[in-house]
Amino acid sequence: MENQTLSVVKAFVAAVQQVDLEKLGALLHPEIKWQQPGTNRFSGTKSSAGEVFQMVGGMFEVSANTMTLAEVKSITVNGDQAAVLLTWKATRPGATLDTDNVDVYTVKDGQIVAAKIFAADPAHEDQFWGN
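With an unreviewed UniProt entry as reference, the chain is termed Nuclear transport factor 2 family protein, source organism Chitinophaga varians.

Draft legend 1. A look at helix H1 (residues 2-18). Under the 1.5 Å per step criterion, the end-to-end length of H1 is 24 Å for 17 residues, consistent within 8% with the ideal 24 Å. Along H1, the positions that sit buried rather than exposed are Thr5, Val8, Val9, Phe12, Val13, Ala15 and Val16. Projected down its long axis, H1 carries its buried residues within an arc of 160°, all on one side. Across from the buried face of H1, at angles greater than 90 degrees, the exposed residues are Asn3 and Gln18. Positive backbone phi, at 50°, marks Val19, one or two positions downstream of H1.

Draft legend 2. Region of interest: the pairing of strand E4 (residues 81-92). Strand direction decides the pairing type here: strand E3 (residues 68-78) and E4, joined by 9 bridges, are antiparallel. When the bridges of E4 are listed, Thr76 appears paired with Ala83. With 12 bridges joining them, E4 and strand E5 (residues 95-108) adopt antiparallel strand pairing. If you follow Ala82 over to E5, its bridge partner there is Tyr105. Where E4 folds back onto E5 in an antiparallel hairpin, the turn is made up of 2 residues, including Gly94, whose phi is positive at roughly 85°.

Draft legend 3. Broad picture of the packing of aromatic side chains. By the definition in use, this model includes 4 aromatic pairs. When the centroid spacing of 5.2 Å and the interplanar angle of 70° are considered together, the rings of Phe12 and Tyr105 count as edge-to-face. Linking Phe12 in helix H1 with Tyr105 in strand E5, this pair joins segments that are 93 residues apart in sequence. Neither residue differs from the other here; Phe12 and Tyr105 are each classed as buried. Seen from their ring centres, Phe128 and Trp129 are 4.8 Å apart, and the 85° between their planes marks the pair as edge-to-face. Neither Phe128 nor Trp129 differs from the other in exposure class; each is buried. Here the aromatic residues Phe12, Trp34 and Tyr105 are joined through ring pairs into a cluster of three or more. Seen from the ring of Phe128, Arg92 lies directly overhead, with NZ or CZ sitting 5.2 Å from the centre.

About the criteria used
- Residues numbered from 1 in each chain as written.
- Predicted model: local features only at pLDDT ≥ 70, side-chain atom pairs only at ≥ 80, totals over all residues.
- Heavy atoms only, no water.
- Helix = DSSP H or I, 4+ residues; strand = E, 2+ residues; numbered from the N terminus.
- Expected span 1.5 Å × (residues − 1).
- Buried < 20%, exposed > 50% of the residue type's maximum accessible area, 1.4 Å probe, protein only.
- Arc of directions from axis to C-beta.
- Pairing = 2+ DSSP bridges.
- Phe/Tyr/Trp six-rings, centres within 6.5 Å; stacked < 30°, edge-to-face > 60°.
- Lys NZ or Arg CZ within 6 Å of the ring centre and 35° of its normal.

Here is the structure:
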């Protein structure tokens, strides 16, 4: 189980870095539950892959397509869950985002069925993304 979890999550973060939408669509369960932290326009629970893609599309729009997964610092696995420490960077007029997150993914049958995102600096993210 842990080998499958690690392999799915590694493939997912690589697809995020490459902006491979086809691969991302294959790795996210259609009914994924995605919990995005904070009190900004993108915060809250998303209940489908479509809602996750809509959120990420909005993030690219706000950041003028500068948002990048700059670094994957570690991937640790426990059963069907993986915790990923990563760094996101983005810019927009008057603001810069440079923050670490811990994403916890749950994998079942080769797809990510749940994601809970933990922000190292939620106030910074809220300020960057706005309402």
